[in-house]
Amino acid sequence: MAHASSRFILPEILQHKDAFIDIRRQIHAHPELGFEEQRTSELVAARLREWGYQVTSGVGKTGVVGQLRVGDGPRSLGIRADMDALPIQEATGLSYASLHAGKMHACGHDGHTAILLAAAHYLARSRNFNGTLNLIFQPAEEGLGGALGMLEDGLFQRFPCDAVFALHNAPGLPVGSFALKEGPMAASSDSVDIRLSGKGAHGAMPHFGRDPIMAAAAIAMALQTLVSRNIPATEAGVVSIGALHAGHAHNVIPEHADLKLSVRALSHDTRHILQQRLHELVQLQAQSLGVRADIDYRRISPVLVNTPRETGMLADLIREQAGAECLLQPPQGMMGSEDFAWMLEKVPGCYVLLGNGVDSRGGCMVHNPGYDFNDAALPIGASLWARLTESYLRVQ
């Protein structure tokens, strides 16, 4: 596998990489959960203003947009980075580990933010483009609807973009590699809470009650047929039960049992079928066992769909400037979600994976207490955004 850094990293970005690695580690040490990114937003806004960007804070509550106009070109480009951390207790033992118990940058958003800042710094100094650049620093990507919040706050009305791009680090892909494809690139994500209400009873006399635990067990097993018996084998869907809570004592049948589910799909039709059949299955199973089911089904983010023109353009740029061997297909079976999908429903664009490494340095999967963003990928990602800007907003 060729390493893109030898020919792809811009010399000016390489020259300043240590400063942005330091920024990344500062953000890592001070993680903030969704819609709480005050410190991170202030850091981002201060740096952008220092470099000459027109900065708007508070977009979608804690989001920041930095705009830089160069020349009189009519085209406008948006590039997005996410800023929020996760409610995870860090276990890396790093010198810059989280200083806040129960909060951790376990998905690499600290790296994404530093990458876009490094690109912003380079572009403000070089100004080798003609048009409008909108740098979008998004809050609350981790299931809280930060992208949707920015859109509802008029993101693309206030900062029009002809196209919008984003990246995510990818443990398991070599540093210096990229992965993207046209069409569905990330799954939809829905969260489901199910409360089963029965009738409590003594464990020695269960016939006097209506057991919600038995209903929960039956429903948990039946849910595994949603994909296998409703979705064509050529399509992708996932139904996972993340929690099942019921009862406190050995000899007491409880009144309630609660299940928490994640439902994912790679097409709008599959998503609709899974939602419809889940409601039918849960209600009928509960009814057959004499308990009541209350379902709270929340659509978190849609399927992320890369548009053909923008995906082709980014793929061509990577092949031409990094080398064809550095452009990979996304790994099979990826069903992670990404609320950048909301932005791609409004504006054409592309979401690309950036190799985070395959060894102990960068191969630990995200959402893990031992994960860390690989700083070797930072100047590569920054060079991608710089090269994309210079290509998309090419000086005529």
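Residue numbers run consecutively from 1 along every chain, following the written order of its sequence. Reporting in this predicted model follows two pLDDT cut-offs: at least 70 for local features of residues, and 80 or more for side-chain atom pairs to be given and counted; totals over whole chains, interfaces and linings ignore these cut-offs and use all residues. Hydrogens are left out, water is left out, and the side-chain values use all remaining heavy atoms of the structure.

Teacher, can you tell me more about the overall build of the protein here?
Helical segments are the DSSP runs of H or I of at least four residues, strand segments are the runs of E of at least two, and each set is numbered from the N terminus. The helix and strand tally for the protein stands at 13 helices and 16 strands. The reference for a compact globule is 2.2 Å times residues^0.38; the radius of gyration itself is calculated from the C-alpha atoms. Its C-alpha atoms give the protein a radius of gyration of 23 Å, near enough to 21 Å, the size a compact globule of 396 residues would have. Counting only residues that meet the buried cut, the protein has 55% of its 396 residues in that class. Only heavy atoms matter for contacts: two residues are in contact if any of them lie within 4.5 Å across the pair. The long-range fraction of contacts in the protein, counting pairs at least 24 apart against all pairs at least 6 apart in sequence, stands at 81%. Only the protein chains shown count as cover for residues, and the accessible areas themselves come from Shrake-Rupley with a 1.4 Å probe. Just so you have it, the protein exposes about 16700 Å², and 52% of that area is on carbon and sulfur atoms. In the protein, 33 positive and 40 negative side-chain charges are present, and the distance between their average locations comes to 1 Å. Note on exposure labels: buried denotes an accessible area under 20% of the residue type's maximum, exposed denotes more than 50%, and partly exposed covers the range between, all computed with a 1.4 Å probe on protein chains only. By the counting rule applied here, Lys and Arg register as positive and Asp and Glu as negative, while His and the ends of each chain are not counted. Lys charges are placed at NZ, Arg charges at CZ, Asp charges at CG and Glu charges at CD.

How should helix H8 (residues 212-222) be read in this particular structure?
For the α-helix, the turn length of 3.6 residues means that residues three or four positions removed from each other point alike. The complete set of buried residues in H8 reads Pro212, Ala215, Ala216, Ile219, Ala220 and Ala222. Looking straight down H8, one finds that the buried residues subtend no more than 165 degrees of arc, so they occupy a single side. Considering only its buried residues, H8 is in contact with strand E8 (188-197), helix H9 (225-228), strand E10 (237-246), strand E11 (252-253), strand E12 (256-265) and helix H10 (268-288). For this quantity, the arc is that covered by the directions from the helix axis to the C-beta atoms.

Got a minute to help me understand the packing of aromatic side chains in this structure?
Two numbers describe a pair of aromatic rings. These are the distance of the centres and the angle of the planes. Pairing of aromatic rings covers Phe, Tyr and Trp, the last through its six-membered ring, and needs centres within 6.5 Å; plane angles under 30 degrees mean stacked, over 60 mean edge-to-face, and all others mean tilted. Under the counting rule described, the total for this entry stands at 3 aromatic pairs. We call a charge positioned over a ring when the NZ of a Lys or the CZ of an Arg lies within 6 Å of the ring centre and within 35 degrees of the ring normal. Taking NZ or CZ as reference, Arg75 lies 3.9 Å from the ring centre of Tyr392, over its face. The ring of Phe8 carries the charged tip of Arg387 above its face, separated from the ring centre by 5.0 Å.

For this particular structure, what's the right way to read the side chain of Asp372?
Structurally, the position occupied by Asp372 is in the loop between strand E16 (349-357) and helix H13 (378-392). According to the relative accessible area criterion, Asp372 is buried, its value standing at 13%. Of note is the side chain of Asp372, whose polar atom sits 2.9 Å from the side chain of Arg24. In the analysis that follows, any N or O atom pair within 3.5 Å is treated as a polar contact, provided that within protein one partner can donate a hydrogen and the other can accept it, and provided that, for residues neighboring in sequence, both atoms belong to side chains. In terms of polar contacts, Asp372 uses its side chain to reach the side chain of Tyr96, at 2.5 Å.

When you look at the packing of helix H11 (residues 308-321) against H13 in this model, what are you seeing that I'm missing?
Geometrically, a packed helix pair is captured by the angle between its two axes and the distance between the axes. At a minimum axis separation of 11 Å, H11 and H13 run at an interaxial angle of 115 degrees. The orientation of H11 with respect to H13, classified from their angle, is roughly perpendicular. Of the two elements, H11 crosses H13, and the hand of that crossing is right-handed. The segment H11 lies against H13, with Met313, Leu314, Leu317, Ile318 and Gln321 engaging Leu384, Arg387, Leu388, Ser391 and Tyr392. Considering only residue class, the contact of H11 with H13 consists of 7 nonpolar, 2 polar and 1 charged. Between the N-to-C directions of two axes lies an angle of 0 to 180 degrees, each axis being a line fitted to C-alpha atoms and, for a helix, fitted only over the stretch in contact. Orientation labels follow simple angle bins: below 35 degrees gives roughly parallel, above 145 gives roughly antiparallel, 65 to 115 gives roughly perpendicular, and whatever is left gives oblique. Crossing handedness is read from the near helix: turned anticlockwise from the far helix by less than a right angle, it gives a left-handed crossing, and turned clockwise, a right-handed one. For this classification, the nonpolar set comprises Ala, Val, Leu, Ile, Met, Phe, Trp, Tyr, Cys and Pro, the charged set comprises Asp, Glu, Lys and Arg, and every other residue, Gly included, is treated as polar.

In this structure, what is going on with the UniProt feature "domain: Peptidase M20 dimerisation" (unreviewed entry) in the protein? I would like to understand it.
In the numbering used here, UniProt assigns the "domain: Peptidase M20 dimerisation" (unreviewed entry) feature to residues 191-283. Between the C-alpha atoms that bound residues 191-283 there is a distance of 17 Å. The span itself is 33% helix and 33% strand. UniProt positions are given in the numbering used here, feature names are shortened, and annotations may be inferred rather than shown by experiment.

Honestly, the pattern of salt bridges in this entry has me stumped. Any pointers?
Opposite charge on two side chains permits pairing when their charged atoms draw close. Only one rule defines a salt bridge in this text: a Lys or Arg side-chain nitrogen within 4 Å of an Asp or Glu carboxyl oxygen. This model, assessed by the stated rule, comprises 18 salt bridges. Measuring nitrogen to oxygen at the nearest pair gives 2.6 Å for the salt bridge that ties Arg271 to Asp190. Within this pair, whereas Arg271 is found in helix H10, its partner Asp190 is found in strand E8, the two being separated by 81 residues in sequence. As far as the burial class goes, Arg271 and Asp190 line up, both buried.

What am I meant to see in the environment of Lys181 here?
Secondary-structure assignment places Lys181 in the loop between strand E6 (178-179) and strand E7 (183-186). For Lys181, a relative accessible area of 32% translates into the label partly exposed. For Lys181, the residues in contact, after removing those within four places along its chain, are Asn306, Thr311, Gln329 and Pro330.

Teacher, can you tell me more about the nonpolar core here?
A general trend in soluble globular proteins is that nonpolar side chains are found buried together. We define a nonpolar core as any set of buried Ala, Val, Leu, Ile, Met, Phe, Trp, Tyr and Cys residues linked to one another through side-chain atoms lying within 4.5 Å. If you look at the biggest cluster of nonpolar residues, it comprises 96 residues, and the most contacted ones within it are Leu48, Tyr53, Phe137, Leu155, Phe178, Leu384 and Trp385. Setting aside its immediate chain neighbours within four residues, Leu48 contacts Tyr53, Val55, Val64, Gly66, Leu117, Ala120, Leu135 and Phe137. Counting residues in each nonpolar core, the second largest holds 25 residues, with Ala216, Leu223, Leu261 and Ala286 among its members.

I'm lost on unusual backbone geometry in this one. Help?
It is generally the case that most residues other than glycine have a negative phi and that most peptide bonds are trans. For Phe35, which is not a glycine, the phi torsion comes out positive at approximately 65 degrees. The class of Phe35 is partly exposed, set by a relative accessible area of 21%. Phi at Lys61 is positive, roughly 85 degrees, even though this residue is not glycine. Among the secondary structure elements, Lys61 is positioned in the loop between strand E1 (54-59) and strand E2 (63-70). With a relative accessible area of 59%, Lys61 lands in the exposed category.

Which parts of the structure should I look at to understand the sheet that holds strand E13 (residues 292-301)?
Strand pairing in a sheet takes place through backbone hydrogen bonds and is either antiparallel or parallel in direction. What makes two strands pair is DSSP finding at least two bridges between them. Ordered in space as E10-E12-E8-E13, the 4 strands form an open sheet in which the pairing is antiparallel. The outermost strands of the open sheet, each flanked by one partner alone, are E10 and E13. With direction set aside, neighbouring strand axes in the sheet form an average angle of 15 degrees. Sitting on the sheet, H8 is in contact with E8, E10 and E12, with an inclination near 15 degrees to E12. Contacting E8, E10, E12 and E13, H10 crosses the sheet at an angle of about 165 degrees to E13.

I keep staring at the environment of His202 and nothing clicks. Help me out?
Mapped onto the elements, His202 comes out in strand E9 (residues 201-202). Assessed through its relative accessible area of 41%, His202 is described here as partly exposed. For the pair formed by His202 and Phe373, sequence separation is 171 residues and the distance between their alpha carbons is 52 Å. Every residue in contact with His202, bar those within four places of it in the chain, is listed here: Asn251 and Ile253. Here Ala204 takes part through its backbone nitrogen, which lies 2.9 Å from a polar atom of the side chain of His202.

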